[in-house]
Amino acid sequence: MKTNKILIAFIFVLGMSTFTSCNSTENEIAEKMQSGVVLIANSSYYELALSNGETFYFSDFSDEDGIQGLVANVDSIEPLITFGTGFFISNDGLIATNAHVVSGQANDKDVKREMSRIIENVKQTIRQLYDENMEYYREYCDLAEVAKYSSSYSLEEFNKIVAVRDAYAQELNDLSDTYSYLSDMNMSDPELKYVNKLFVAYNNTFVTDIKDLKNCVMRKIDNEHDVAVIQLADKKTPNECYAFNVPDESPFEKYSFGEKIVRTFGTDKNATLVLMGFNYGPKLAFTEDGIRSQHTSGSVSQVNSSTIMYTIPAMPGSSGSPVVNLRGELVAINFAGISATQSFNYGVYAKYLWNLIDDMYGH
């Protein structure tokens, strides 16, 4: 009987060792999966079409800075280039990321309000300039009348005074025309269009020019949960790039028998989470050895119905990064940090990505 107890204990210890080995280290996960992480470049601008036929273009919009880079000619627009992270989820070039990495965040209502404010400010400036120029115009009108009949002024001096008077008159006409043009602008129902081109750079490759980037197209987007799927234009994931599996169930809820034992007596597969992405975009990614992603790890701080908070340090550029557990299971897509000074970040559950893919194929 004693022998049987020893044998059972030995088998249990051996089994525990086997179960525990199911988990991987952070470096093992990174070595296996980082080839599937890509740097996303989004070149974009906005097109604002007014109902009276006028069209304006601007590079960016924010609540703090308003409309930026406003021009009236599309050839003059300087697109805004932003960076984020994505990761392959299939062999036909599908790439998952955040919606905000590949789409515009401005809305018609805010842009309409800001554009109306800009127009009113310009009109006010024009009124001020018109009043100032009117004073100078009247002065030169009076001076021209004096010079016309006074022997104190030569013909040459008279002609110069008249030329200045006429220049002010033309300026007044131009200001008046511009004011009327702005007043006729109809901001009642503007149409806002986001125009962008998407590119990716593979991890561990060299990028020296825009032509080294790979063209992508938008496939599906879920703005509510901030997830999106884009695709390589040639629909071919490179053979050397890892493709992440997107689970239909949360790894926080789905445990195998062995994983339950390990969770009870050893290390929970979700005890540590690993994020792989491009912190600060090309600033850190571009190295002498080519494009290199970074991997960081942390623990779960808070879980709710739609998002998860973790103590993984991340910076701008890591939006869209895959977050996996110690089994290499996709847990979340990183999308936001609490602040630049705190090492807390949020991720949206991978289930929303699975739902998006399922909806994309009409299942």
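Residues numbered from 1 in each chain as written. Predicted model: local features only at pLDDT ≥ 70, side-chain atom pairs only at ≥ 80, totals over all residues. Heavy atoms only, no water.

**As for the overall build of the chain**
In terms of helices and strands, the chain carries eight helices and 18 strands. In terms of overall size, the chain is more extended than a compact globule, its C-alpha atoms giving a radius of gyration of 31 Å where 363 residues would be expected to give roughly 21 Å. Looking at the chain residue by residue over its 363 residues, the buried ones come to 40%. Residue pairs in contact within the chain that sit at least 24 positions apart in sequence constitute 69% of those at least 6 positions apart. Treating the 29 positive side-chain charges of the chain as one cloud and the 48 negative ones as another, the clouds have centres 11 Å apart. (Helix = DSSP H or I, 4+ residues; strand = E, 2+ residues; numbered from the N terminus. Rg over C-alpha atoms; globule rule 2.2 N^0.38 Å. Buried < 20%, exposed > 50% of the residue type's maximum accessible area, 1.4 Å probe, protein only. Contact = heavy atoms within 4.5 Å. Lys, Arg positive; Asp, Glu negative; His and termini not counted. Charge placed at Lys NZ, Arg CZ, Asp CG, Glu CD.)

**Quick word on a negative patch on the surface**
On the surface, Asp131, Glu132, Glu135, Glu139, Asp142 and Glu145 cluster together into a patch of negative charge. Structurally, Asp142 can be placed in helix α4 (residues 108-149). (Patch = residues over 30% accessible without salt bridge, like charges linked within 9 Å, V, L, I, M, F, W, Y side chains within 5 Å. Areas by Shrake-Rupley, 256 points an atom, 1.4 Å probe, with all protein chains shown as cover. Salt bridge = Lys/Arg side-chain N within 4 Å of Asp/Glu carboxyl O.)

**Observations regarding the confidence of the model for the chain**
Within the chain, residue pLDDT values average 87, and 90% of them lie at 70 or more. Note that residues 7-14 has pLDDT below 50 and, in this model, one contact with residues that lie over four places away or in other chains. Overall, residues 16-20 carries pLDDT values under 50, and its contacts beyond four positions in sequence, including any with other chains, amount to seven contacts. (pLDDT = per-residue confidence, 0-100.)

**Section: the pattern of salt bridges**
Going through the model one piece at a time under the given rule, you end up with seven salt bridges. Across the salt bridge formed by Lys123 and Glu120, the nearest N and O atoms sit 3.5 Å from each other. Here the residue Lys123 and the residue Glu120 both occupy positions in helix α4, the gap between them amounting to three residues, near one helical turn. For Lys123, a relative accessible area of 10% translates into the label buried. Among the residues examined, Glu120 registers a relative accessible area of 41% and is labelled partly exposed. Between Asp166 and Arg165 there is a salt bridge, and its shortest N-O distance comes to 3.1 Å. On the basis of relative accessibility, which here comes to 23%, the residue Arg165 falls in the partly exposed class.

**Points about the side chain of Asn42**
Relative to the assigned elements, Asn42 resides in strand β1 (residues 37-49). On the basis of relative accessible area, Asn42 is assigned to the buried category, the value being 1%. A distance of 3.1 Å separates a polar side-chain atom of Asn42 from the backbone oxygen of Val101. Apart from the residues within four sequence positions on either side, Asn42 is in contact with Leu80, Ile81, Thr82, Val101, Val102, Ser103, Tyr194, Asn196, Lys197 and Leu198. (Polar contact = N/O pair within 3.5 Å; in protein donor to acceptor, adjacent residues only side chain to side chain.)

**Examining the nonpolar core**
Judged by nonpolar contacts, the single largest core of 40 residues is most densely connected at Phe87, Ile89, Val229, Met276, Val324 and Leu353. In terms of residue count, helix α8 (residues 350-360) provides more of this core than any other element does, six residues in total. With sequence-adjacent residues up to four places away left out, Ile89 is seen in contact with Leu94, Ile95, Ala96, Val229, Ala243, Phe244, Val246, Leu353 and Ile357. With 17 residues, the next largest nonpolar core counts Leu48, Leu50, Phe56 and Ile119 among its residues. (Core = buried A, V, L, I, M, F, W, Y, C linked by side-chain atoms within 4.5 Å.)

**Some points on the packing of aromatic side chains**
Under the criterion given, the structure shown has nine aromatic pairs. Measuring from ring centre to ring centre gives 6.3 Å for Tyr45 and Tyr57, while their planes differ by 65 degrees; the resulting arrangement is edge-to-face. In this pair, Tyr45 is assigned in strand β1 and Tyr57 in strand β2 (residues 55-58), connecting sequence segments 12 residues apart. As far as the burial class goes, Tyr45 and Tyr57 line up, both buried. Here Phe87 and Phe244 contribute two aromatic rings whose centre-to-centre distance is 5.2 Å and whose plane-to-plane angle is 65 degrees, an arrangement assigned as edge-to-face. (Phe/Tyr/Trp six-rings, centres within 6.5 Å; stacked < 30°, edge-to-face > 60°.)

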